[in-house]
Amino acid sequence: MENRMPAEPPHPADDVLDHVGYRLKRAHAALRAAMDKALREHGLTVPQYSCLEVLAARPGMSNADLARATFVTRQSMNVVMRGLQDAGLIDRPGTVASGRARPTTLTAEGRRLLRDAQESVYAIEARMVRALPGHRLAALLEDLDRVARALDE
């Protein structure tokens, strides 16, 4: 058996809980918990809300495009879409003239529920932003984008 030295962390940290990945996960978990709680009052899950919000901004997206935009698998998006359609929140044609993608749009009820839910979700985002010194928000957003690009490579 080879006797290997432990890997060195990529930055100085006295504790594993001080690593960047851990802190990102902690922030994500806190955001997700707050959103789960707020959206429950509107009868929505985070993936359902994300789907409605993306469709409001980009009507007509396909299931595959929605899955990519909301960070879920296509299979999971099928379940989300079926639930939203059964609840009367989205409209999808039964068939399309060409191809397989069925463009999806919000119904009037979907737009109403989204507006109500957005108030709750945007209040959570406002709490996050208020926790930062105002001059640091743009830098944080740029840094998060850099991190994502570095991991996508």
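The structure this text deals with has already been given above.
Parameters at a glance
Residues numbered from 1 in each chain as written. Predicted model: local features only at pLDDT ≥ 70, side-chain atom pairs only at ≥ 80, totals over all residues. Heavy atoms only, no water. Helix = DSSP H or I, 4+ residues; strand = E, 2+ residues; numbered from the N terminus. Contact = heavy atoms within 4.5 Å. Polar contact = N/O pair within 3.5 Å; in protein donor to acceptor, adjacent residues only side chain to side chain. Axes fitted to C-alpha atoms, helices over the stretch in contact; angles between N-to-C directions. Parallel < 35°, antiparallel > 145°, perpendicular 65-115°, else oblique. Buried < 20%, exposed > 50% of the residue type's maximum accessible area, 1.4 Å probe, protein only. Arc of directions from axis to C-beta.

### Some details on the environment of L106
Next up, step 1: Relative to the assigned elements, L106 resides in strand β2 (residues 105-106).
Next up, step 2: In this structure, the C-alpha to C-alpha distance between L106 and D91, residues 15 residues apart in sequence, is 6.1 Å.
Next up, step 3: Once residues within four sequence positions are removed from consideration, L106 is found in contact with L52, L55, A56, L89, I90, R111 and L114.

### Brief notes about the side chain of T107
Next up, step 1: By the element assignment, T107 lies in the loop between β2 and α5 (108-130).
Next up, step 2: A distance of 2.6 Å separates a polar side-chain atom of T107 from the backbone oxygen of G88.
Next up, step 3: Within the structure, the side chain of T107 is placed 3.0 Å from the backbone nitrogen of G110, a separation counted as a polar contact.
Next up, step 4: With residues up to four places along the chain from it excluded, the contact list for T107 reads G88, L89, I90 and D91.

### Structural notes on the packing of helix α1 (residues 20-40) against helix α2 (residues 46-57)
Next up, step 1: Viewed as axis vectors pointing N to C, α1 and α2 meet at an angle of 80°, and their least axial separation amounts to 9 Å. Here α2 runs roughly perpendicular to α1, going by the angle between their axes. Of the residues in α2, those touching α1 at R32, M35, D36 and L39 are V46, P47 and Y49.

### Brief notes about helix α3 (residues 63-70)
Next up, step 1: Those residues of α3 lying buried are N63, L66, A67 and T70. All buried residues of α3 fall inside an arc of 100° around its axis, so they share one side.
Next up, step 2: Looking at the buried residues of α3, the elements they touch are α2 and α4 (74-86).
Next up, step 3: Following α3 by one or two positions, F71 adopts a phi angle in the positive range, close to 65°.

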